[in-house]
Structures are given as C-alpha cells and as structure tokens.
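# Fold and contact review
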Amino acid sequence: MSAILFEHFHGAVTRVAGTETAVPHRDEGWNLLIPSVWLDPADSDANIAWSRETFAAMRPHFGAGRWLNYLGDDQGVDAVQAAYGPNYGRLLELKRRYDPENVFHHNHNIDPS
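Throughout what follows, the structure given in this document is the object of discussion. Note that the coordinates shown come from a computational prediction; the quantities given were computed from them, not determined experimentally.

Summing up its helical and strand segments, the protein chain has three helices and two strands in all. Starting at the N terminus and walking to the C terminus, you meet the elements of the protein chain as β-β-α-α-α. Oriented by its inertia axes, the alpha-carbon framework of the protein chain measures out at about 50 × 35 × 20 Å. Counting the 113 residues in the protein chain, one finds 23% classified as buried.

Now the structure itself:
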C-alpha cells in the first residue's frame, strides 16, 4: 500500500510572493511524498527500509525547502526552519510576542526561547 506521490505546484499558489504568508514555497515545481503504509507488523522493517531507501535515492533531486505538514514526528528545529525558510525569523518574532509561554507547542513548533 506504499506509494510515491508527486504534487504539482502551479497556478494561484505561484502568484503569491514567498514572504506574503508563513509558507515560502511559491515557485512552480513538484513536491514528493513517500507514504508508507502496511497492515502486518511483521512487515515493518521491510517497509521502513523501503521508505528510507526511496527517500535517499530521491534526495539528490530535492530543493532546499521543506513542507511543514509533511515533516516526520522525529524531525527537529532544522527541519522547521527549512519549512519556513526566509520567514522563520519573522514568525519567531511573532511567536515571542504573542505566545512567549509557548502554549501552542504541539507538532512542529517555533520555540520562542
């Protein structure tokens, strides 16, 4: 049930400047997803290996950006910074101003500290 998916970014999303929203990825292009799904726990090692090998094989073709909603749960600050790109500093300032206690800290967080 695993797959390789390509999302084509074009049209309206590319007509917005990268600094006008939190998400800077506005160039026409493609996004790659490698959803790996299986039912039998005995297949875990093989499916995880396939996902990692496929990701590694595609890595030379990646751009610098990352999509926040596709980050893995174990990815940290570097991945979050890459997802927001040039907007990270501006978003960090907003986080420090409006959520200095980091109440909204779930998922891939911008830590105000």
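After that view of the structure, there is still more to cover.
Within this structure, the stated rule accounts for two aromatic pairs. Both rings, one in Phe9 and one in Trp67, keep their centres 5.1 Å apart while their planes meet at 10°; by these two values the pair is stacked. Taken as a pair, Phe9 in strand E1 (residues 5–9) and Trp67 in the loop between helix H1 (44–58) and helix H2 (77–84) lie far apart in primary sequence, 58 residues in all. Looking at Phe9, the relative accessible area reads 18%, which means it is buried. Relative to Phe62, the ring of Phe55 has its centre 5.2 Å away and its plane inclined at 65°; by these criteria the two rings are edge-to-face.

Turning our attention to helix H3 (residues 88–98). Those residues of H3 that sit buried are Tyr88, Leu91, Leu92 and Lys95. For H3, the buried positions fall inside an angular range of 105° around the axis, keeping them on one side. With respect to the buried face of H3, the exposed residues turned more than 90 degrees away are Glu93, Arg97 and Tyr98. Each element contacted by the buried residues of H3 is listed here: H2.

Thresholds, definitions, all that
Position numbers for residues count from 1 along each chain, tracking the sequence in the order it is written. Given that the model is predicted, a residue must reach a pLDDT of at least 70 before its local features are reported, and side-chain atom pairs must reach 80 or more before they are shown or counted; all residues, however, enter totals for whole chains, interfaces and linings. Only hydrogens and water are removed before side-chain values are computed, so all heavy atoms of the structure are retained for them. Helix numbering and strand numbering both begin at the N terminus, where a helix is a DSSP run of H or I of at least 4 residues and a strand a DSSP run of E of at least 2. Working definition: with a 1.4 Å probe on protein chains only, accessible area under 20% of the residue-type maximum means buried, over 50% means exposed, and in between means partly exposed. Between the rings of Phe, Tyr and Trp (Trp by its six-membered ring), a pair exists once the centres lie within 6.5 Å; its type follows the angle of the planes, with under 30 degrees stacked, over 60 edge-to-face, and the other angles tilted. Directions pointing from the helix axis toward each C-beta atom define the arc. Here, residues are in contact when the closest pair of their heavy atoms is within 4.5 Å.

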